[in-house]
Amino acid sequence: MRAAWIATAALLLATGQAEAQASYPSRTITIVVPFAAGGATDTVGRLTAQGLSKQLGGAQIVVENATGAGGTIGANRVATAEPDGHTLLVHHVGISTAATLYRKLPYDTKTAFATIGLLTDAPMTIIGRDDLPPNNLAELIAYVQKEGGKVSYGNAGIGAASHLCGMLFMSATKAQLNTVSYRGNAPVMQDLLGKTLDLTCDQTTNTISQIRTNKVKAYAATTLTRIPQLPDLPTADEAGLKGFEVNVWHGLYAPKGTPAAIVEKLSAALKVALHEPDLVKRFNDIGTTPVAPERATPAALRTHLESEIAKWAPIINAAGQYAD
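Treat the numbers as computed from the prediction; the structure is a model and nothing was measured. (Residues numbered from 1 in each chain as written. Predicted model: local features only at pLDDT ≥ 70, side-chain atom pairs only at ≥ 80, totals over all residues. Heavy atoms only, no water.)

Engineer: Teacher, can you tell me more about the overall build of the protein chain here?
Structural biologist: Within the protein chain, the secondary structure is distributed over eleven helices and ten strands. Against the globule reference of 20 Å for 324 residues, the protein chain gives a C-alpha radius of gyration of 21 Å, in line with a compact fold. Taking the principal axes of the C-alpha coordinates as reference, the protein chain spans close to 80 × 40 × 30 Å. Per-residue burial for the protein chain yields a buried fraction of 54% across its 324 residues. Considering only contacts in the protein chain between residues 6 or more positions apart, those separated by 24 or more positions represent 79%. With the model as given, the accessible surface of the protein chain reaches about 13,500 Å², and the carbon-plus-sulfur share is 54%. (Helix = DSSP H or I, 4+ residues; strand = E, 2+ residues; numbered from the N terminus. Rg over C-alpha atoms; globule rule 2.2 N^0.38 Å. Buried < 20%, exposed > 50% of the residue type's maximum accessible area, 1.4 Å probe, protein only. Contact = heavy atoms within 4.5 Å. Areas by Shrake-Rupley, 256 points an atom, 1.4 Å probe, with all protein chains shown as cover.)

Engineer: Please clarify how helix α2 (residues 40-55) should be interpreted in this entry.
Structural biologist: Taking 1.5 Å per residue, 16 residues should reach 22 Å; α2 reaches 23 Å between its end C-alpha atoms and fits that length. Among all positions of α2, only A40, T41, D42, V44, G45, L47, T48, A49, G51, L52 and S53 are buried. The first or second residue beyond α2 is G57, which carries a positive phi of 70°. (Expected span 1.5 Å × (residues − 1).)

Engineer: I tried to follow the packing of α2 against helix α10 (residues 277-285) on my own but got confused; where do I start?
Structural biologist: When two helices pack together, their arrangement is given by the angle between the helix axes and by the axis-to-axis distance. Following both chains from N to C, one finds α2 and α10 inclined at 175°, their axes separated by 11 Å at the closest point. Between α2 and α10, the angle is such that the two are roughly antiparallel. The segment α2 lies against α10, with V44, L47, T48, Q50 and G51 engaging L279, R282 and F283. Looking at the contact of α2 with α10 residue by residue, the classes come out as four nonpolar, three polar and one charged. (Axes fitted to C-alpha atoms, helices over the stretch in contact; angles between N-to-C directions. Parallel < 35°, antiparallel > 145°, perpendicular 65-115°, else oblique. Nonpolar A, V, L, I, M, F, W, Y, C, P; charged D, E, K, R; others polar.)

Engineer: How do you make sense of the state of the cysteines when you look at a structure like this?
Structural biologist: In protein chemistry, a disulfide is the covalent bond that joins the sulfur atoms of two cysteines. Under the criterion given, the structure shown has one disulfide. The disulfide partner of C165 is C201, and the S-S distance across this bridge is 2.1 Å. Judged by the sign of its S-S torsion, about 70°, the bond between C165 and C201 is right-handed. In this pair, C165 is assigned in helix α6 (residues 161-173) and C201 in strand β7 (residues 199-203), connecting sequence segments 36 residues apart. (Disulfide = S-S within 2.5 Å.)

Engineer: Honestly, the nonpolar core in this entry has me stumped. Any pointers?
Structural biologist: What tends to happen in soluble globular proteins is that the nonpolar side chains get buried as a cluster. Formed by 80 residues in total, the largest nonpolar core has its most connected members in F113, L137, L140, F169, L199 and F244. Those residues in contact with F244 that sit more than four places away from it in its chain are I126, C165, L168, F169, A172, T222, L224, A236 and D237. By size, the runner-up hydrophobic cluster in this structure holds 13 residues, among which are Y182, L192, A221 and I227. (Core = buried A, V, L, I, M, F, W, Y, C linked by side-chain atoms within 4.5 Å.)

Engineer: Just to check I follow, could you spell out empty space enclosed by the protein for this structure?
Structural biologist: Left-over empty space is what a probe sized like a water molecule reveals as it rolls over the atoms. Considering all chains together, one arrives at one cavity of 30 Å³ or more under this definition. Approximately 30 Å³ is the volume found for the largest cavity. Lining the largest cavity are H92, A156, A160, A161, S162, N185, D202 and Q203. Among the residues making up the lining of the largest cavity, the classes are represented as three nonpolar, four polar and one charged. (1 Å grid on protein atoms, 1.4 Å probe; cavity = no way out; pocket = protein on both sides within 12 Å on 5 of 7 lines; lining within 4 Å. Points joined across faces, edges and corners; volume = space filled by probe spheres on them.)

Printed below as a string of structure tokens:
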């Protein structure tokens with residue numbers, strides 16, 4: 001009797017999953033990007049939306065920017081949304097650092113989301129206004145050590161990748177910069193181009209075109225190997241900051257409790273979308289690379305998220321800089 005009950009339950013579960021997959025999506029999907037429009041994560045989110053739409057039979061997918069509190073406002077919106085696969089989140093490394101930076105988050109980062117898959121890995125670049133006196137990283141280090149708080153550094157908000165990079169830069173150079181927090185990457189770049197800001201550290205998705213056209217001074221890449229799209233730009237490691245590395249990754253999430261069948265359908269669509277030739281080219285054009293198919297999975301993102309939380313927690317705690 002018990003065996004028959006288990007078999008019946010399994011059949012009903014499989015039938016329900018098949019029906020969920022077949023009927024999904026039943027309306028417009030909203031991808032929440034927790035940072036300002038025009039920034040690097042916004043670009044990744046919009047390209048991902050286009051790729052998923054194609055793989056989901058032309059489903060309508062809109063991107064909505066829900067900014068503030070280092071990305072936690074947008075993340076919380078998804079964490080508390082109906083878990084039916086129609087509200088998703090594209091977030092970067094900041095989702096892992098926020099778990100420590102914010103000591104009173106309204107959600108538990110480790111349990112609030114159903115992971116769908118990793119999207120891209122994007123290096124960052126340390127850049128300055130085009131008339132900043134230093135001409136290379138060694139000169140920049142000496143400059144910030146001498147000028148200290150007179151040098152302004154812009155980030156996209158507490159918890160943003162640019163905030164994390166700046167914190168590590170100040171720690172590595174033992175220099176205190178005049179940190180200015182903005183609501184997103186786009187206004188940071190605007191002020192850098194307008195010469196009212198001295199420095200920032202941002203993803204290549206947002207800086208590569210400005211570097212190629214010499215609208216900003218590029219000092220270093222934050223990866224341990226040079227960026228293929230910027231082969232002449234030295235890494236921070238080879239230019240004097242040994243071991244300096246910040247690699248910005250992006251992931252796709254749904255609210256906890258989203259049916260496994262829908263998560264699986266989204267993950268399957270994501271694997272194909274990320275390796276469509278046109279999408280690969282568009283990602284490469286902005287200086288980022290889609291992850292390998294085996295990383296565009298729920299398990300891979302779950303493992304990566306938890307390892308990143310463990311990695312950055314001691315660094316943030318040692319700095320003693322919190323967002324609340």
